Amino acid sequence: ANPFYMRDVLKVSDFTAEDVRALLEEARWMKSLRRKGYLHSYLQGRTLALIFEKPSTRTRVSFEVAMLELGGHPLVLRSDELQLGRGETVEDTARVLSRYVDGILLRTHAHETLERLAAAADVPVINGLSDLHHPTQVFADLLTLVEHFGPLGELKIAYVGDARNNVTHSWIEAAALLGLTLVVASPEEYRPDPEIWSWAEARAQESGADLRWTSDPREAVADADVVITDTWVSMGTEAEREARLSRLRPYQVNEGLFALARKEAVFLHCLPAHRGEEVTEAVIDGPRSLVWDEAENRLHVHKALLRLVLAP
Ligand code: CP
Ligand code: NVA
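All values reported here derive from a predicted model rather than from experimental measurement. (Residues numbered from 1 in each chain as written. Chains lettered and ligands numbered in written order. Predicted model: local features only at pLDDT ≥ 70, side-chain atom pairs only at ≥ 80, totals over all residues.)

1. Section: the overall build of the protein
Across its full length, the protein carries twelve helices and nine strands. In terms of overall dimensions, the protein is globule-like: its C-alpha atoms have a radius of gyration of 19 Å, near the 20 Å expected for 312 residues. A principal-axis box enclosing the C-alpha atoms of the protein has dimensions of 55 × 45 × 40 Å. Expressed as a percentage of the 312 residues in the protein, the buried residues total 48%. (Helix = DSSP H or I, 4+ residues; strand = E, 2+ residues; numbered from the N terminus. Rg over C-alpha atoms; globule rule 2.2 N^0.38 Å. Buried ≥ 20, exposed ≤ 12 C-beta atoms within 10 Å, placed from the backbone.)

See the structure below:
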C-alpha cells in the first residue's frame, strides 16, 4: 500500500519514519530514471494548482517541471490574481478548486490557512512553505545527505541562525522522526516554536533522536558533519530586518565557524542565500557546499511526492 496516496503534506510529522524513507527511495529512483533520460507519464491527465502568496523560485519551478515531466499539468496561480485576493474564503476556494484539479499546493503566511484549505478540500493539499513549516525543502535536504553520506544515524547535524523559522521546524521534526542528532544554535528570542520542540522531544524518546538547543554556535558546529543555516530575514519578517541582522550576527556561518566542524563536513542552505549575512561566500561557494545538489533535489523529491500522492 502507498501511504501517501490522497494524503495532505502539511508538515514532516504528518508521516512516519518509514513513510519518509519510502519517499526518499522513490526520489532516488526518479532521479536515476531522469539521468538515464527516461520520463514516465505517471500523472497523465492530472492537474495541480499551485497558489503563491509569497515569491518563489525553486518551489515554483521545480513543482511545475515535476508535473510536466510526469505528464501532468501545473497551474501556477498568484493569490492576488485569484478571488482569494479579494476576500473569497479559503474554504470556498478549496471546494471550487477540488472540482477542477487533482491537488493543490499553497505557499502562504499563516500555517492555519493551509490547515483550513486542507480541511475544506477534497483533494490533497501540499505545503509549499508556511511561516511554521517547509516540509518539501527538508525532504530534499535529507535526500542530499543520504546521497552524500548513506545512512544518517551517526551524523551530527548542526543548524545555526534563526531557529524560529519554517526550515528549522521541519528539520526538528525530521530529526525527531528519523532518530537523528540535531543541535540547534540560536539566540534565546529566536528559539524554535515551543509546541514543535516539545512534540519533537517526546518523539525523540521513541526514535532515539538526540535533539539539543544551545545559544552557542561554536558548541553546535563543533565536530558536526553537517552545518545548515537559512536566511535571518524570512519572508514576512522584513520589518524586523535591522534588529535581526544585528542580533544574529554572531551566528554567521563563516570560515572560522565552519572550521570547527569535521574536515569532511558539508554545508546546506535552502536558498535564497544572503552572502555576508547568514553565510559567507567562502562557505557557500566553497568545495564543501552542497547547495546546488540540494536545490536540484527539490525536483526529484517533488516528482516522487506527486506520484505517491496523486497516483494510486
Ligand atoms: N528554498 C525555497 O523554497 O526556495 P524558493 O523560495 O525559491 O521556492
Ligand atoms: N525561511 C525562509 C525560507 C525561504 C525558502 C523564508 O521563509 O523566507
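2. Comments concerning the site of ligand 2
Neighbouring residues of ligand 2: Leu129, Asn165, Asn166, Val167, Asp230, Thr231, Ser234, Met235 and Cys270. Its residues assigned to classes, the shell around ligand 2 comprises four nonpolar, four polar and one charged. (Near = placed C-beta within 6 Å. Nonpolar A, V, L, I, M, F, W, Y, C, P; charged D, E, K, R; others polar.)

3. A look at helix 3 (residues 90–98)
Think of an α-helix as 3.6 residues a turn; residues three or four steps apart then line up on the same face. Every buried residue of helix 3 is listed here: Val90, Thr93, Ala94 and Leu97. Buried residues of helix 3 fall within an arc of 100° about the axis and therefore sit on the same side. Against the buried residues of helix 3 lie strand 1 (47–52), strand 3 (103–107) and helix 4 (111–120). (Arc of directions from axis to C-beta. Contact = placed C-beta atoms within 7 Å.)

4. A look at the sheet that holds strand 7 (residues 210–214)
One open sheet holds the five strands; their spatial order is 7-6-5-8-9, and the pairing between them is parallel. Each edge of the open sheet is held by one strand with a lone partner, namely strand 7 and strand 9 (266–269). The average angle at which neighbouring strand axes cross in this sheet is 20°, direction not considered. Pairing analysis gives five bridges linking strand 5 (residues 156–160) to strand 6 (residues 181–185), with the strands arranged parallel. Counted as the bridge partner of Ile157 is Leu182 from strand 6. (Pairing = 2+ DSSP bridges. Axes fitted to C-alpha atoms, helices over the stretch in contact; angles between N-to-C directions.)

5. Considerations on the site of ligand 1
In the vicinity of ligand 1, the contacting residues are Ser56, Thr57, Arg58, Thr59, Arg60, Leu129, Gln137, Cys270 and Leu271. With three residues, the single largest contributor to the shell around ligand 1 is helix 2 (residues 58–69). Of the residues that constitute the shell around ligand 1, the class distribution is three nonpolar, four polar and two charged. Two domains each put at least three residues into the shell around ligand 1: domain 1 (12–133 + 298–310) and domain 2 (136–294). (Domains from an automatic or database assignment.)

6. Examining the domain arrangement of the protein
Parsing the protein into structural domains produces domain 1 (12–133 + 298–310) and domain 2 (136–294). When each unit is reduced to the centre of its C-alpha atoms, the spacing between domain 1 and domain 2 is 25 Å. The partner domain 2 presents 20 residues to the 22 residues of domain 1 that form the contact. Elements that contribute at least two residues to the side of domain 1 that touches domain 2 include exactly helix 1 (17–35), helix 2 and helix 12 (291–310). Of the residues that constitute the side of domain 1 that touches domain 2, the class distribution is ten nonpolar, eight polar and four charged.

7. Some words on the UniProt feature "domain: Aspartate/ornithine carbamoyltransferase carbamoyl-P binding" (unreviewed entry) in the protein
Within this structure's numbering, the places UniProt gives as "domain: Aspartate/ornithine carbamoyltransferase carbamoyl-P binding" (unreviewed entry) are residues 7–147. The annotated region residues 7–147 carries 45% helix and 14% strand content, and the separation between its end C-alpha atoms amounts to 26 Å. (UniProt positions renumbered as here; feature names shortened; annotations may be inferred.)

8. A few points about the packing of helix 2 against helix 12
It is at 8 Å that the axes of helix 2 and helix 12 come closest, and there the two elements cross at 45°. With respect to each other, helix 2 and helix 12 are oriented oblique. By crossing handedness, the relation of helix 2 to helix 12 is classed as right-handed. Taking contact as the criterion, the partners of Arg58, Ser62, Phe63, Val65, Ala66, Met67 and Glu69 in helix 2 are, on helix 12, Ala295, Arg298, Leu299, His302, Lys303 and Leu306. (Parallel < 35°, antiparallel > 145°, perpendicular 65-115°, else oblique. Left-handed = near helix turned anticlockwise from the far one by under 90°.)

9. Considerations on the nonpolar core
By size, the foremost hydrophobic cluster in this structure holds 90 residues, and its most contacted members are Ile104, Ala158, Ala175, Val226 and Val227. Two domains each put at least three residues into this core: domain 1 (12–133 + 298–310) and domain 2 (136–294). For Ala175, the contacting residues outside a window of four places in its chain are Ile157, Leu180, Leu182, Ala209 and Leu211. (Core = buried A, V, L, I, M, F, W, Y, C linked by C-beta atoms within 7 Å.)

10. Examining the UniProt feature "binding site: L-ornithine" (unreviewed entry) in the protein
Here, UniProt's "binding site: L-ornithine" (unreviewed entry) annotation points to Asn166, Asp230, Ser234 and Met235. Taking the farthest pair of C-alpha atoms as the criterion, the annotated set spanning 70 residues converges on one region, since that pair is 11.6 Å apart. By the secondary structure assignment, Asn166 is in helix 6 (residues 166–178). When the 24 C-beta atoms within 10 Å are taken as the criterion, Asn166 is described as buried. A count of 17 C-beta atoms within 10 Å places Met235 in the partly exposed class.

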